[in-house]
Amino acid sequence: MKKCSYQGSKNKDEILLLALRHSDKKAYAELFRAYYPMLCAYCHKFVSLEDSEEIVQDVLFWLWESRKVLVIEKSLSQYLFKMVYHKAMNRIANELAVHKANTMFFEQTQKMLEEIDLYQFEELQELLRKAIQNLPESYREAFVMHRFQHKNYKEIAELLKVSSKTIDYRIQQALKILRDKLKDYLPLFFLLTSL
């Protein structure tokens, strides 16, 4: 039986794409090996290495998922680099929006803090402590490590032997529960969790 290889072809990308449309996993693996390092290096010019790897994996996974309906008018290379670029720009835009919102929130909260006395502050801390204690254990563990021990998602994921996305989900769920339980103290809740 002849071994299938796509290397050395003038139209290597076209052959890989054709094989990909026919769900050829070997072609996909070869395409992944060929493009993953280049795309990560390119994306890392704009965002962190961890974000770069995540973006490129998402793009290449999307390529496999869309293989049957994929229409690429120019080269596969240009298409992939353009997709990675746009995803990196979206990530940067999202981070800037979050930073801007955090800055506005901090300024508003500073004013509120000036009007709060020590007793109210201690009361809020106690409410927050109880609310955190009542979180499901996996949510509480991830939330406490992130907010109070200042560990990033990757560090927490390694400690708990789960993916960074799982940690992100747990922290988002913890925040959702805490927001609901402390909705009357929302601005101060965010300040307390960032101290």
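Residues numbered from 1 in each chain as written. Predicted model: local features only at pLDDT ≥ 70, side-chain atom pairs only at ≥ 80, totals over all residues. Heavy atoms only, no water.

Undergrad: Looking at this model, I keep getting lost on the overall build of the chain. Mind explaining?
TA: Helices and strands together make up the secondary structure of the chain, namely 9 helices and 0 strands. Each helix and strand of the chain, placed in order from N terminus to C terminus, yields the pattern α-α-α-α-α-α-α-α-α. Looking at the chain alone, contacts between residues at least 24 apart form 59% of all its contacts between residues at least 6 apart. Summing over all exposed atoms, the chain offers an accessible surface of approximately 13,100 Å²; the carbon and sulfur share of this is 54%. (Helix = DSSP H or I, 4+ residues; strand = E, 2+ residues; numbered from the N terminus. Contact = heavy atoms within 4.5 Å. Areas by Shrake-Rupley, 256 points an atom, 1.4 Å probe, with all protein chains shown as cover.)

Undergrad: Honestly, a negative patch on the surface in this entry has me stumped. Any pointers?
TA: On the surface, Glu50, Glu53, Glu155 and Glu158 cluster together into a negatively charged patch. If you list the elements that add at least two residues to the negative patch, you get helix H3 (49-65) and helix H7 (153-160). Assignment of secondary structure puts Glu53 in helix H3. Judged by its relative accessible area of 31%, Glu53 is partly exposed. (Patch = residues over 30% accessible without salt bridge, like charges linked within 9 Å, V, L, I, M, F, W, Y side chains within 5 Å. Salt bridge = Lys/Arg side-chain N within 4 Å of Asp/Glu carboxyl O. Lys, Arg positive; Asp, Glu negative; His and termini not counted. Charge placed at Lys NZ, Arg CZ, Asp CG, Glu CD. Buried < 20%, exposed > 50% of the residue type's maximum accessible area, 1.4 Å probe, protein only.)

Undergrad: How do you make sense of the nonpolar core when you look at a structure like this?
TA: A general trend in soluble globular proteins is that nonpolar side chains are found buried together. Membership of the largest hydrophobic core comes to 26 residues, with the highest contact counts inside it found for Leu31, Val56, Leu60, Leu63, Leu76 and Leu80. Broken down by secondary-structure element, the contributors of at least two residues to this core are helix H1 (12-21), helix H2 (25-43), H3 and helix H4 (76-114). Sort the elements by how many residues they give to this core and H2 lands first, with 8 residues. Excluding residues that lie within four positions of it along the chain, Val56 makes contacts with Tyr36, Leu39, Cys40, Cys43 and Val84. Judged by nonpolar contacts, the second largest core, of 17 residues, contains Ala131, Tyr139, Ala157 and Ala174. (Core = buried A, V, L, I, M, F, W, Y, C linked by side-chain atoms within 4.5 Å.)

Undergrad: Quick question: what am I supposed to make of H2 here?
TA: Each α-helix winds once per 3.6 residues, and so residues spaced three or four apart point in a common direction. The terminal C-alpha atoms of H2, which comprises 19 residues, lie 25 Å apart, in line with the 27 Å expected from a rise of 1.5 Å per residue. Maximal helix bending in H2 amounts to about 35°, located at Tyr35; proline Pro37 follows within four positions. What H2 keeps buried is the set Ala27, Tyr28, Glu30, Leu31, Tyr35, Tyr36, Leu39, Cys40 and Cys43. You can read the cap of H2 off the contacts: a side-chain oxygen lies 2.9 Å from the backbone nitrogen of Lys26, and it is on Asp24. (Expected span 1.5 Å × (residues − 1). Bend = angle between axes of the 7 residues up to and from the residue. Polar contact = N/O pair within 3.5 Å; in protein donor to acceptor, adjacent residues only side chain to side chain.)

Undergrad: Would you mind going over the packing of aromatic side chains with me for this structure?
TA: Each aromatic ring pair is summarised here by two numbers: the centre-to-centre distance and the angle between the ring planes. Taken as a whole and assessed by the stated rule, the structure comprises 9 aromatic pairs. Summarising the aromatic geometry, the rings of Phe32 and Tyr36 are spaced 5.0 Å apart at their centres and angled 10° between planes, so their arrangement reads as stacked. Taken together, the residues span about one helical turn, with Phe32 and Tyr36 both in helix H2 at a distance of 4 residues. Relative to Tyr169, the ring of Tyr139 has its centre 6.4 Å away and its plane inclined at 80°; by these criteria the two rings are edge-to-face. Here Tyr169 lies in helix H8 (residues 164-181) and Tyr139 lies in helix H6 (residues 137-147), a separation of 30 residues in the sequence. Among the aromatic side chains, those forming a connected cluster through ring pairs are Tyr28, Phe32, Tyr36 and Trp64. (Phe/Tyr/Trp six-rings, centres within 6.5 Å; stacked < 30°, edge-to-face > 60°.)

Undergrad: It is not clear to me how the side chain of Ser52 should be interpreted in this structure. Could you clarify?
TA: Its place among the elements puts Ser52 in helix H3. For Ser52, a relative accessible area of 0% gives the class buried. Excluding residues that lie within four positions of it along the chain, Ser52 makes contacts with Cys40, Cys43, His44 and Val47.

Undergrad: Can you walk me through the pattern of salt bridges in this structure?
TA: Pairs can form between side chains of opposite charge whenever their charged atoms are close. As enumerated under the stated definition, the model contains 5 salt bridges in all. Notably, a salt bridge pairs Asp51 with Arg91, separated by 3.0 Å at the nearest N-O pair. With a gap of 40 residues between them, Asp51 in helix H3 and Arg91 in helix H4 connect regions that are remote in the sequence.

Undergrad: Would you mind showing me how to read the packing of H6 against H7 here?
TA: Two packed helices can be described by the angle between their axes and the distance between those axes. With their axes 10 Å apart at the nearest point, H6 and H7 run at an angle of 135° to one another. Considered as vectors, H6 and H7 are oriented oblique to each other. Handedness of the crossing formed by H6 with H7: right-handed. Of H7, the residues touching H6 (which contributes Glu141, Ala142, Met145 and His146) are Tyr153, Ile156, Leu159 and Leu160. Tallied by class, residues from the contact of H6 with H7 come to 6 nonpolar, 1 polar and 1 charged. (Axes fitted to C-alpha atoms, helices over the stretch in contact; angles between N-to-C directions. Parallel < 35°, antiparallel > 145°, perpendicular 65-115°, else oblique. Left-handed = near helix turned anticlockwise from the far one by under 90°. Nonpolar A, V, L, I, M, F, W, Y, C, P; charged D, E, K, R; others polar.)

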